[in-house]
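# Observations on the three-dimensional arrangement
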Amino acid sequence: MPHYQSLGNIPHKRHTQFRKPDGQLYSEQLFSTEGFSNDYSILYHCHPPTQIIHTDEPYSVAPQVAEEKMLKHRSFEGFNIKPAKDFLDSRIPVLVNNDCHIVLAAPQESMTNYFYKNADADEMIFVHEGSGVLHTQYGELSFGYGDYLVIPRGTIYQISFADSNNRLFIVESFSPIRYPKRYMSKYGQLLEHSPFCERDIRAPKDLKTYDEAGDFIIKTKKKGVMYGLHYAHHPFDVVGWDGCCYPFAFSIHDFEPITGRVHQPPPVHQTFEAHNFVVCSFVPRLYDYHPQAIPAPYNHSNIDSDEVLYYVDGDFMSRKNVTRGMITLHPAGIPHGPHPGAVEKSIGKKETQELAVMVDTFHPLMLTKQALEIENPGYTMSWAE
Ligand SMILES: [Fe+2]
């Protein structure tokens, strides 16, 4: 998150006296996710963000891995994940490795009586269905269909939904989620050939300061364990902040597709990157316009990455029987490509309405118990029909 933002009141100089109307000092907090050597923000609290008054018994929320090693094409019915009232209860990890956890969630209710912090992982929440507001110390982010919410690890948030019909595709990343390096200038501007630019990035707005004393629970996840930490003051007691480390929203509908005369490789769809995985957006676009072009993708041997595709909406010309919310996993080690008939069928087509999110991981993913419960049988052999 390289772009500087400032909201609310901040002193002229960092690390100098900044006082409340009653003469007391505000509490300065430096927030970064990589020590003191990368992007950071500075927040000014009414009260120190350190006042824990008691703690709850921790409990495990670690994914239950059911299949650690495998070499088969897999497919999962994402919308068969059961909705749950509570946001944290609703989150079901399906595919996991040491770099990221891929999680599905269908939360029905807004988070009201606690706050949440993922101390390990940046979160990328893709909103497939539903709308609402992400409340953070930095201000508010309104979200709706097609939004990516990118939340740096350590950010305290509450999420509220407009109604009970919500479907989220979440990636927890154990390293910072960034824009692709090749789209950034030396000093951090998104370059001309990037499929999106600064105008498409929505920073938090409407900073509200809650100067309230009481008992405020921040459910904090660390190393697969959830800790209930009770603080003496409302965590959103910030009067101002500035810097380059903050949650933001980006709509998949603002991703401008890169097309060509012949089939363009998957990196043109890249949207974010992190250590050992990338995120790509497949959006409605014109097909290749060479007179002999084949719009369907070629078979390819993704020998060094597992490919996860999450189908959002539209028609998928290269696969049969695709449903909304479906996930396919094409593991490293065996080639994959269009289903039988899809190549011929694609010839002459002018455009696609497909909308999908892809996550390519450079290390193999493991399948959880809940992933096996929503698996589509028969997918492995579906090319041989
Ligand atoms: Fe692929």
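Please refer to the structure placed before this passage.
What you see is a predicted model; the values in this text were computed from it and never measured.

Definitions and limits used
Residues numbered from 1 in each chain as written. Predicted model: local features only at pLDDT ≥ 70, side-chain atom pairs only at ≥ 80, totals over all residues. Heavy atoms only, no water. Helix = DSSP H or I, 4+ residues; strand = E, 2+ residues; numbered from the N terminus. Buried < 20%, exposed > 50% of the residue type's maximum accessible area, 1.4 Å probe, protein only. Lys, Arg positive; Asp, Glu negative; His and termini not counted. Salt bridge = Lys/Arg side-chain N within 4 Å of Asp/Glu carboxyl O. Polar contact = N/O pair within 3.5 Å; in protein donor to acceptor, adjacent residues only side chain to side chain. Contact = heavy atoms within 4.5 Å. Pairing = 2+ DSSP bridges. Donors = N, O, S within 2.8 Å, 3.2 Å for Na, K, Ca; no water. Axes fitted to C-alpha atoms, helices over the stretch in contact; angles between N-to-C directions. Core = buried A, V, L, I, M, F, W, Y, C linked by side-chain atoms within 4.5 Å.

### A closer look at the side chain of aspartate 306
- Mapped onto the secondary structure, aspartate 306 falls in strand E25 (residues 306-313).
- Despite its burial, aspartate 306 pairs with no opposite charge; the closest candidate is arginine 74, at 9.7 Å N-O.
- A distance of 2.8 Å separates the side chain of aspartate 306 from the backbone nitrogen of alanine 332, its partner in a polar contact.
- With sequence-adjacent residues up to four places away left out, aspartate 306 is seen in contact with Leu329, His330, Pro331, Ala332, Val359, Asp360, Thr361, Pro364 and Leu365.

### Describing the sheet that holds strand E11 (residues 122-129)
- Read from one edge of the open sheet, nine strands run E6-E29-E8-E9-E16-E11-E14-E21-E17, paired in antiparallel fashion. At either end of the open sheet lies a strand with only one pairing partner, and these are strand E6 (65-67) and strand E17 (201-202).
- Two strands pair when backbone bridges link them, and strand E8 (residues 92-96) and strand E9 (residues 100-105) are joined in this way by four bridges, in the antiparallel orientation. The partner of leucine 95 across the bridge, within E9, is isoleucine 102.

### Examining the environment of alanine 213
- As for its position among the elements, alanine 213 is in strand E18 (residues 213-222).
- Distance in space between the C-alpha atoms of alanine 213 and alanine 232 is 5.8 Å, their sequence separation being 19 residues.
- Excluding residues that lie within four positions of it along the chain, alanine 213 makes contacts with Ala232 and His233.

### Considering the pattern of salt bridges
- Within this structure, the stated rule accounts for 13 salt bridges.
- Two residues, glutamate 375 and arginine 74, come together in a salt bridge whose shortest N-O distance is 2.5 Å. One end of the pair, glutamate 375, is in the segment after helix H3 (369-373); the other, arginine 74, is in strand E7 (residues 74-77), with 301 residues separating them in the sequence.
- One salt bridge connects glutamate 373 with lysine 369, and the closest N-O pair in it is separated by 3.6 Å. With glutamate 373 and lysine 369 both in helix H3, this residue pair falls four residues apart, about one helical turn.
- Residue glutamate 373 is classed as exposed on the basis of its relative accessible area of 57%.
- By sharing partners, the salt bridges in this structure join Arg91, Glu123, Glu172 and Lys221 into a single network.

### As for the coordination of the iron ion
- On the protein side, the iron ion has His300 (NE2), Glu307 (OE) and His336 (NE2) as donor atoms, found 2.0 to 2.2 Å from it.
- Between consecutive donor residues of the iron ion, the sequence gaps follow H-x6-E-x28-H. Of this pair, glutamate 307 sits in strand E25 while histidine 336 is found in the loop between strand E26 (326-330) and helix H2 (342-346), placing the two residues 29 residues apart along the sequence. The pair glutamate 307 / histidine 336 is uniform in exposure class, with both members buried.

### Here's the deal with the pairing of E26
- Along E26, five of the five residues are buried, which leaves the element largely enclosed by surrounding structure.
- Neither face of E26 is open: one carries Met326, Thr328 and His330, the other Ile327 and Leu329, and all of them are buried.
- With four bridges joining them, E7 and E26 adopt antiparallel strand pairing. Pairing of glutamate 77 across the sheet is with methionine 326, part of E26.

### What to know about the sheet that holds E26
- A sheet is described by the order of its strands in space; here six strands give the open sequence E7-E26-E25-E28-E23-E22, paired in antiparallel fashion. Among the strands making up the open sheet, the edge pair consists of E7 and strand E22 (270-274). When strand polarity is set aside, the average angle formed by the axes of neighbouring strands in this sheet is 15°.
- In this sheet, strand E28 (residues 355-361) lies alongside E25 in antiparallel orientation, the contact comprising seven bridges. Among the inter-strand pairings, tyrosine 310 is bridged to a residue of E28, identified as valine 357.

### Section: the nonpolar core
- Of all hydrophobic cores here, the largest spans 50 residues; its most connected members are Val94, Leu95, Met124, Phe169 and Phe272.
- Counting residues in hydrophobic clusters, the runner-up holds 22 residues, among them Val127, Leu141, Ile151 and Ile159.

Such coordinate-based values are descriptive only and should not be taken to indicate function.
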